[in-house]
Amino acid sequence: MSELPFGPPVRVSPLIRFGRWSFLTAGILYGAFHQNRLSKKETKIREIEAKEKVIRDEKIKKEKAIAAAAEMKNLEEMINKKN
Amino acid sequence: MAGAVAKIPSLINTALSEARPKFAIFMKYAKVELAPPKLNEIPQIKAGISKLLSSFKSGAWKQQTVKQATLNTLVGAEVLFWFYVGECIGKRHIVGYNV
């Protein structure tokens, strides 16, 4: 056959072909199921993180304000000493 | 540089015209070798499974030559790897789960 340069196609055993296709479909289902499960899990974690971020940002803001006040106090003391 | 950019469409065209007959040959083989099993092949599949099981039970799988065992392992691995191809399709991402 001129159109088939590698000879006639091999008759692959039906068991092997059945195995391939069943593993392929099993893999698709497994992948889709776990994608769904893991993305649900991750959205929950994201929600918790968003809540915690608000609290954390406030805490950092307060700490920064305290640190800035202390620094200003130190500076004032230094200037007063020099005079 | 401009010449190289101007060549790109013709390069793509030659690549396509080269690849098309090869792809047609691939499809001719794939239609036979990668075809999903037909309904009338179910008895053969059942016979194959029972043969596998009986060779496991009787211990006949230990009496293979090294060459046969290697080939069987490779074929088994190929069949198993289809599962991971399917998993990649199912999770719609190549590496890891994109959550």
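Here the structure is a predicted model, which is why all the values come from computation and not from measurement. Each chain has its residues counted from 1, following the order in which its sequence is written. The naming scheme follows written order: chains are lettered A onward, ligands numbered 1 onward. Selection of residues for local features in this predicted model requires a pLDDT of at least 70, selection of side-chain atom pairs for listing and counting requires 80 or more, and totals for whole chains, interfaces and linings are taken over all residues. With hydrogens and water set aside, each side-chain value is computed from the structure's full complement of heavy atoms.

1. Section: the overall build of chain B
Only DSSP runs of H or I covering at least 4 residues are called helices, and only runs of E covering at least 2 are called strands; the numbering of each starts at the N terminus. When helices and strands are tallied, chain B shows 3 helices and 0 strands. The order of α-helices and β-strands along chain B, N terminus first, is α-α-α. Dimensions of chain B along its principal axes, counting C-alpha atoms only, are 70 × 40 × 35 Å. When a residue's accessible area, from a 1.4 Å probe over protein chains only, is under 20% of the maximum for its type it is buried; when over 50% it is exposed; and in between it is partly exposed. Buried residues in chain B amount to 14% of all 99 residues. When the accessible surface of chain B is totalled, it reaches about 7900 Å², and 71% of it is carbon and sulfur. For the purpose of counting charges, residues Lys and Arg are taken to be positive, whereas Asp and Glu are taken to be negative. His and the chain ends are not included. One atom stands in for each charge, and that atom is NZ of Lys, CZ of Arg, CG of Asp or CD of Glu. For chain B, the separation between the mean place of its 13 positive charges and that of its 5 negative charges on side chains is 2 Å. Using the Shrake-Rupley algorithm and a 1.4 Å probe, accessible areas are obtained, with residue cover drawn only from the displayed protein chains.

2. As for the UniProt feature "transmembrane region" (unreviewed entry) in chain A
Taking the numbering used here, the UniProt-annotated feature "transmembrane region" (unreviewed entry) corresponds to residues 15–33 of chain A. Secondary structure content for residues 15–33 of chain A is 100% helix and 0% strand, and the end C-alpha separation is 26 Å. UniProt positions are given in the numbering used here, feature names are shortened, and annotations may be inferred rather than shown by experiment.

3. What about the pattern of salt bridges?
Salt bridges, as used here, are contacts in which a Lys or Arg side-chain nitrogen is within 4 Å of a carboxyl oxygen on Asp or Glu. Under the counting rule described, the total for this entry stands at 4 salt bridges over all chains. Salt-bridge contacts for Arg17(A) lead to Glu41(B); the nearest nitrogen and oxygen are separated by 3.1 Å. Residue Arg17(A) is located in helix H1 (residues 14–82), and its partner Glu41(B) is located in the loop between helix H1 (2–33) and helix H2 (42–58); the two belong to separate chains. Taking relative accessible area as the criterion, Arg17(A) reaches 7% and is therefore assigned buried. A residue is classified by how much of its surface remains accessible, and Glu41(B), at 11% relative accessible area, is buried. A salt bridge links Glu78(B) to Arg20(A), with the nearest nitrogen and oxygen atoms 2.8 Å apart. Of this pair, Glu78(B) sits in helix H3 (residues 66–91) while Arg20(A) sits in helix H1, each in a different chain.

4. Overview of unusual backbone geometry
Notably, Arg92(B) is not glycine yet its phi reads approximately 55 degrees, a positive angle. For Arg92(B), a relative accessible area of 64% gives the class exposed.

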